[in-house]
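One letter stands for each residue in the lines below.
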Amino acid sequence: MQYLFDAWTKLTPRLKAANHVLLLSDFDGTLIPIVDNPELAILPPETKNLLRTLAKNRRYTVGIVSGRALADLKSKVDVDSIIYAGNHGLEIEGFGSDFLDPIAEEMRPFFLMLSQALSATLRGIKGVFVENKGLTLSVHYRSVDDTEERRVTDAFSKVTDPLHITGRIRITQGKKVYEIRPPVDWDKGKAIAWLIAKCKESRGKGGALPIYLGDDLTDEDGFKMIEKNNGISIFVGGEGLQSVARYFLRSPEEVTELLKML
Ligand SMILES: [Mg+2]
């Protein structure tokens with residue numbers, strides 16, 4: 001990976017030459033630092049204004065691709081005229097045509113029951129909480145004491161193993177979070193491919209230069225898709241970490257700098 005700002009002089013001509021730029025970003029850990037309680041995450045007014053300005057610029061289409069539920073993501077970002085992809089892209093709003101995965105939609109009642117079962121099993125472990133995101137579930141354990149993490153893993157496995165083994169759910173991991181998803185072949189990479197295709201379709205005159213920024217394991221699918229489409233993939237988190245992204249930035253603060261430069 002190369003430090004993005006070191007490669008800037010090389011990238012500027014590409015950005016200038018592009019007819020259009022599809023600027024996509026993850027939210028938590030990318031646009032804003034990760035906080036213990038995701039409900040308390042706040043997008044700084046400066047970043048919000050930058051997104052707003054870029055969204056108004058006719059050369060840009062801006063989108064946020066997040067593991068958060070669509071409604072939650074929209075209320076947190078709160079910028080008009082951008083694309084929102086929630087639940088890792090299982091639900092997307094943008095380009096005037098919404099996407100909702102039908103299998104995921106059908107599984108809403110199942111996820112509600114599963115979230116109740118998990119909450120009951122994890123009760124008693126301090127700092128853990130289960131978030132029902134409608135189409136997926138997250139088990140957050142950032143605030144759990146290190147010595148108690150094993151208990152979280154064991155309790156989580158006890159509930160989910162039978163469902164996982166029989167293929168009724170998919171499980172992924174992020175930074176101090178387990179995620180349970182419906183058994184559909186869909187991820188941030190496929191969501192980004194969908195957005196690239198929609199962008200091309202809606203503009204009707206050639207493609208756009210796609211950019212994606214992300215900080216976590218689930219963003220790797222996104223980076224792969226961006227590389228496949230000759231875009232610019234940017235890992236947020238610094239050097240020394242492993243990612244398939246071509247470039248890196250060190251922090252959400254540097255992402256804000258990038259937005260200013262754009
Ligand atoms: Mg993230």
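Colleague: How do you make sense of the overall build of the protein chain when you look at a structure like this?
Modeller: Counting its secondary structure elements, the protein chain contains nine helices and 13 strands. The C-alpha atoms of the protein chain give a radius of gyration of 19 Å, which matches the 18 Å a tight globule of 262 residues would have. By residue count, 41% of the 262 residues in the protein chain fall in the buried class. For the protein chain, contacts bridging at least 24 residues in sequence account for 55% of all contacts bridging at least 6.

Colleague: Please clarify how the nonpolar core should be interpreted in this entry.
Modeller: What tends to happen in soluble globular proteins is that the nonpolar side chains get buried as a cluster. In this structure, L22, I192, L195 and I234 are the most contacted members of the largest nonpolar core, which totals 46 residues. Per-element tally for this core: the top contributor is helix α7 (residues 188-203), with six residues. Residues within four places of L195 in sequence aside, it is in contact with L22, L24, G63, I83 and A85.

Colleague: I would appreciate a short explanation of the packing of α7 against helix α8 (residues 220-228) in the present structure.
Modeller: Relative placement of two packed helices is described by the angle separating their axes and the distance separating the axes. One way to put it is that α7 packs onto α8 with a least axis distance of 6 Å and a crossing angle of 40°. When the axes of α7 and α8 are compared, the pair comes out oblique. Here the hand of the crossing between α7 and α8 comes out right-handed. Note on element contacts: α8 touches α7 through D221, G222, K224, M225 and I226, opposite K188, G189, I192 and A193. Here the contact of α7 with α8 is built from residues that sort into four nonpolar, two polar and three charged.

Colleague: Would you explain the packing of helix α5 (residues 108-122) against helix α6 (residues 149-165) in this entry?
Modeller: Where α5 meets α6, the closest approach of the two axes is 10 Å, and the angle between their N-to-C directions is 145°. Relative to α6, the crossing made by α5 is right-handed. Contacts between α5 and α6 involve A117, L118, T121 and L122 from the first element and V152, A155, K158 and V159 from the second. A class-by-class count of the residues in the contact of α5 with α6 yields six nonpolar, one polar and one charged.

Colleague: Could you clarify how one ought to interpret the pairing of strand β12 (residues 232-236) in this entry?
Modeller: Among the five residues of β12, five are classified as buried, and the element is accordingly described as predominantly covered. The alternating pattern of β12 places I232, I234 and V236 and S233 and F235 on opposite faces, both of which are buried. One ladder, built from four bridges, connects strand β11 (residues 209-214) with β12; its direction is parallel. Directly across from L213, in β12, lies its bridge partner I234. Each parallel crossover has a hand, and the one from β11 via α8 to β12 is right-handed. Judged from the three bridges that link them, β12 and strand β13 (residues 247-249) form a sheet pairing that is parallel. The residue bridging V236 from the neighbouring strand is L249, located in β13.

Colleague: Can you walk me through unusual backbone geometry in this structure?
Modeller: Trans peptide bonds make up most of the peptide bonds, and negative phi angles are found at most residues other than glycine. The phi angle at N87 is positive, at roughly 50°, despite the residue not being glycine. Take N87: it is sitting in the loop between β4 (83-86) and β5 (91-93). Of note in this structure, N230 is not a glycine but carries a positive phi near 50°. Tracing the sequence through the fold places N230 in the loop between α8 and β12. Taking the C-beta count within 10 Å as the criterion, N230 has 10 such neighbours and is therefore assigned exposed.

Colleague: I tried to follow the sheet that holds strand β10 (residues 177-181) on my own but got confused; where do I start?
Modeller: The pairing of strands in a sheet happens through backbone hydrogen bonds and is either parallel or antiparallel. Across the sheet, four strands lie side by side as β7-β8-β10-β9; this open sheet has antiparallel pairing. At either margin of the open sheet sits one strand with a lone partner, and together these are β7 (129-132) and β9 (170-174). Taking each pair of neighbouring strands and ignoring which way they run, the sheet shows an average axis angle of 20°. Relative to β10, β9 runs antiparallel, the two sharing five bridges. From the neighbouring strand, T172 faces β10, where its bridge partner is E179. Its contacts with the sheet put α5 on β7, β8 (137-140) and β10, and the angle it makes with β7 is roughly 175°.

Colleague: Before we go on, may I ask you to explain the domain arrangement of the protein chain in this structure?
Modeller: For interface size, the figure often reported is the accessible area lost on association. Domain boundaries assigned for the protein chain yield domain 1 (2-101 + 186-261) and domain 2 (104-181). Each of domain 1 and domain 2 has a C-alpha centre, and these two points are 27 Å apart. Domain 1 puts 15 residues into the contact, and the matching count from domain 2 is 14 residues. Class assignment for the residues of the side of domain 1 that touches domain 2 results in six nonpolar, four polar and five charged.

Rules used in this analysis
- Residues numbered from 1 in each chain as written.
- Predicted model: local features only at pLDDT ≥ 70, side-chain atom pairs only at ≥ 80, totals over all residues.
- Helix = DSSP H or I, 4+ residues; strand = E, 2+ residues; numbered from the N terminus.
- Rg over C-alpha atoms; globule rule 2.2 N^0.38 Å.
- Buried ≥ 20, exposed ≤ 12 C-beta atoms within 10 Å, placed from the backbone.
- Contact = placed C-beta atoms within 7 Å.
- Core = buried A, V, L, I, M, F, W, Y, C linked by C-beta atoms within 7 Å.
- Axes fitted to C-alpha atoms, helices over the stretch in contact; angles between N-to-C directions.
- Parallel < 35°, antiparallel > 145°, perpendicular 65-115°, else oblique.
- Left-handed = near helix turned anticlockwise from the far one by under 90°.
- Nonpolar A, V, L, I, M, F, W, Y, C, P; charged D, E, K, R; others polar.
- Pairing = 2+ DSSP bridges.
- Right-handed = clockwise from strand over helix to strand, strands pointing away.
- Domains from an automatic or database assignment.

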